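Read off the chains here:
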Amino acid sequence: MLIFTLRRLSLFIFTMLLLTLLSFSLSFLFPGDAVINLSGAINATPSQLAQLNENYQTGSNIFVQYFAYLQHIINGDLGLSMASQSVISHEIMNLLPATIELSLVALLIAMFAGIPLGFIAAINHNKPSDNIILSVSMLGYSVPVFWLGLLAILIFSINLGWLPSAGQISLLFEIELVTGIQFIDILLSDSPYKWQAFSDATAHIILPACVIAVAPATIFIRLARTSMIEVLNTSYIRAASAKGLSFQQIIFRHAIRNALIKIIRHVGLQFANLVTIAMVTEVIFSWPGIGRWLIVSIDQRDYTAIQSGLLVLSCFIFVVHILTDFIYAALNPLARGIKHGSR
Amino acid sequence: MNLLDIRNLSIELIHDEQNILAVDKVSLSMKEGEVRGLVGESGSGKSLLAQAIVGVLDDKWYVHADRFHWRGIDLLRLTIPERKAILSRDIAMIFQEPMACLDPTTNIGEQLAEAIDESQLSGFFWQKQQQRRAATVKLLHKVGIKDHDACIKSYPHQLTEALCQRVMIAIALARQPILLIADEPTAAMENTNQGQVFRLLASLNQLKNMAILLISHDLENITHWTNTITVMYSGQFVEAGTTEQIFNKAMHPYTQALVDSSPLANLHLPAKSRLMTLPGSIPILQHLPIGCRLGPRCPRAQQDCVRAPSVTSFHGHKVSCHFPLLMNPKMKKSPLKKTTRA
């Protein structure tokens, strides 16, 4: 297990290095001066510019420049936003937790709705319930998210008035920002209206999270269905039924775990897709997350913000990916430990 | 009384236009404490028959029989859950490819423990865990695994094929079955391991009086271990009798060909000459010949063979052939006997 962890960590480090290389090269590919793209200081005086050139080592060769850039990133200096001249790292620290919250809730909804439905479809393979689940999932996958978001607002917020349509929490509640993740902050705060705030925040997250979850959930349905069908046809399931176990025992003790193993790796892959959907959804639901901020930055040609936003988002996706790898290893004894011929 | 008595069991593969008769009216009976071999080429429906007996075939297959008695109980009259309960209590099965038959994500101890019947345990639930553990260890000892702690903790991929097969046998023994069906238990195994597994099965048969249905494609190998043998070809019953009868006085041309094709029977052949085999190969399910399915390959086939032969019994030696090879030519005409034996 230690070797497994070390391997994942080294993979993480090298992928992060590659990502910084990409974002570093972006500063040259974007129009304008590379130093200004990196630092975001568009209104710099000549003396400030000289200082920046000194800091980013623009006079030296490209490797030295890259290491100077790396140094800045490691120190947490992502430059200033070209549009607002505010410090990007602060903005990201404020915005990223909201996106983390939204996308994780959406991922959980997608998993808890999609995977059991897929299992049910597989168990009733070739029966009407299987066909219904499959066609509904096909429908859910084909609906574009921006349209679905607007439709959801129209139905649930405007016509029915059940759920709020925008924002993270009602402006009435004053929650101090500690971790940035709204639910934890609410629970930490000592406001007398803590539970009202909590239920209000829950009402706010339901609609966007569900809209984001629809497409990944349909993919999970299909993945869960195929892997469950595969598992149910294996000889160990047949052997288990010859052993005298009931169908429920077989499903819960043997089939689900083996089917989950096949799905869990795809969850990490699907997460990148989910974050992309979340960015669009954040715009629709005015969610104060990094996705909306990034789209606004792209709109404003705020190159520094685009660079850093991409870096941070891909870092987040990669962390989730590694976490799913750990869950995979915990479920699958074949993945942990040393395999023959692996070293 | 027979332990297991099956008459005219057929298994059909459900197909769009016409169902395919994969196993055609096979009869099988077993006595208590008997070791019966079920022999046939690959694709002859032996495994299907075994899986149909245990009831683990999926819904692609349609099974029906004229008689299916288990220790005098007519199983055809029972509902499916009742039948399943009786069968899973009394019959256990071990499969070929033991590694694939163990859940790769659950450790051996858990898989063994869940096979142990609730009725074998006594006391309250906190005592049961301990009893289960003790029973698991005992089962592992019974199949000759001494290092039980390591085995209980390990996962199937950490064990060798032969150890996995021993674990499978232990799982099969957990319910103290009366009949053990061993479906090619030594396929893809080395010779020494094969011997170990067979010896273990033989000792279980002698010590516990457990009946064993041993399925194999290797007639010569299993004759050391069996009392009686049933031969199948392409889903049809061919011949059944004691091991002695089958091996030395085969009546069916197919059985004779099987016996002749073994290396032992071919020892006297000159070097680099062809081994004795039947021409052709086993027919595929989509193109089964009518009547006796051996017909196109049979050296003794005649016009009558387009009708399926009925089973004739000679002192308990059952054979399904229009023109059996008989020692005594008076009993039935067999004009070709001399030429084929030559």
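Here is what the cut-offs are and how they apply
- Residues numbered from 1 in each chain as written.
- Chains lettered and ligands numbered in written order.
- Predicted model: local features only at pLDDT ≥ 70, side-chain atom pairs only at ≥ 80, totals over all residues.
- Helix = DSSP H or I, 4+ residues; strand = E, 2+ residues; numbered from the N terminus.
- Rg over C-alpha atoms; globule rule 2.2 N^0.38 Å.
- Buried ≥ 20, exposed ≤ 12 C-beta atoms within 10 Å, placed from the backbone.
- Contact = placed C-beta atoms within 7 Å.
- Pairing = 2+ DSSP bridges.
- Core = buried A, V, L, I, M, F, W, Y, C linked by C-beta atoms within 7 Å.
- Domains from an automatic or database assignment.
- Expected span 1.5 Å × (residues − 1).
- Bend = angle between axes of the 7 residues up to and from the residue.
- Axes fitted to C-alpha atoms, helices over the stretch in contact; angles between N-to-C directions.
- Parallel < 35°, antiparallel > 145°, perpendicular 65-115°, else oblique.
- Left-handed = near helix turned anticlockwise from the far one by under 90°.
- Nonpolar A, V, L, I, M, F, W, Y, C, P; charged D, E, K, R; others polar.

(A) View of the overall build of chain B. Helix and strand counts for chain B stand at 11 helices and 13 strands. The C-alpha radius of gyration of chain B comes to 22 Å, within 12% of the 20 Å expected for a compact globule of 342 residues. Along the longest, intermediate and shortest principal axes, the C-alpha atoms of chain B span 75 × 50 × 40 Å. The 342 residues of chain B split such that 39% are buried. Of the contacts formed within chain B by residues at least 6 apart in sequence, a portion of 64% connects residues at least 24 apart.

(B) Spotlight on the pairing of strand 1 (residues 4-13) of chain B. Residue and element names in this part refer to chain B. Where strand 1 and strand 5 (residues 67-70) come together, four bridges link them in antiparallel fashion. Within strand 5, the residue paired with Leu 4 across the bridge is Trp 70. Sheet analysis places strand 1 next to strand 2 (residues 20-30), joined by seven bridges and oriented antiparallel. Counterpart to Leu 13 in the pairing with strand 2 is Ile 20. Taking the residues that link successive antiparallel strands as the turn, the strand 1-strand 2 hairpin has six residues. Here strand 1 runs beside strand 4 (residues 61-64); their pairing, made up of four bridges, is antiparallel.

(C) Seen up close, unusual backbone geometry. The backbone phi angle of Gln85(A) is positive, close to 60 degrees, even though this residue is not glycine. Counting through the fold element by element, Gln85(A) comes out in the loop between helix 4 (62-74) and helix 5 (88-123). Phi at Arg71(B) is positive, roughly 50 degrees, even though this residue is not glycine. Summarising the element assignment, Arg71(B) is placed in the loop between strand 5 and strand 6 (73-74).

(D) Seen up close, the nonpolar core. Membership of the largest hydrophobic core comes to 159 residues, with the highest contact counts inside it found for Phe220(A), Met93(B), Ala170(B), Leu179(B), Ile181(B) and Leu213(B). Element by element, the count of residues in this core is highest for helix 9 (residues 194-232) of chain A, at 20 residues. For Met93(B), the contacting residues outside a window of four places in its chain are Ala242(A), Ala50(B), Val54(B), Ala172(B), Ile181(B) and Asp183(B). Within the second largest apolar cluster, six residues are counted, among which are Phe24(A), Val35(A), Tyr56(A) and Tyr69(A).

(E) Representation of the domain arrangement of chain A. All names here are of chain A. Each domain of chain A was delimited in the assignment, giving domain 1 (12-74) and domain 2 (89-331). With 14 residues of domain 1 at the contact, the number on the domain 2 side is nine residues. Listed by contribution, the elements that provide at least two residues to the side of domain 1 that touches domain 2 are helix 1 (2-29) and helix 2 (34-39).

(F) Spatial organisation of helix 11 (residues 247-284) of chain A. Residues and elements named next belong to chain A. The terminal C-alpha atoms of helix 11 lie 45 Å apart, and with 38 residues this falls more than 12% below the ideal 56 Å at 1.5 Å per residue. The largest bend in helix 11 comes to about 45 degrees, at Ala 255. Ser 286 sits one or two positions beyond helix 11 and adopts a positive phi of about 45 degrees.

(G) Main features of the packing of helix 9 of chain A against helix 11 of chain A. Residue and element names in this part refer to chain A. Contact geometry of helix 9 with helix 11 gives a least axis separation of 9 Å together with a crossing angle of 155 degrees. Compared by their axis directions, helix 9 and helix 11 come out roughly antiparallel. As helix 9 packs across helix 11, the resulting crossing turns out to be right-handed. Residues that form the contact of helix 9 with helix 11 fall into these classes: 18 nonpolar, six polar and one charged.

(H) Local environment of the environment of Ser199(A). Residue and element names in this part refer to chain A. Take Ser 199: it is sitting in helix 9. You can call Ser 199 exposed: it has 11 C-beta atoms within 10 Å. Each C-alpha atom, one on Ser 199 and one on Phe 183, is 9.7 Å from the other, the two residues being 16 residues apart in sequence.

(I) Seen up close, the interface of chain B and chain A. Between chain B and chain A, the residue contacts involve 19 residues of the former and 19 residues of the latter. Partitioned by chemical class, the residues of the side of chain B that touches chain A number 11 nonpolar, four polar and four charged.

(J) Expanded view of the domain arrangement of chain B. Residue and element names in this part refer to chain B. The assigned domain composition of chain B is domain 1 (4-233) and domain 2 (249-267 + 288-341). Contact residues are listed per partner, giving five residues for domain 1 and 10 residues for domain 2. Of all elements in the fold, only helix 8 (219-222) and strand 10 (228-233) reach the threshold of two or more residues within the side of domain 1 that touches domain 2. Its residues assigned to classes, the side of domain 1 that touches domain 2 comprises three nonpolar, one polar and one charged.

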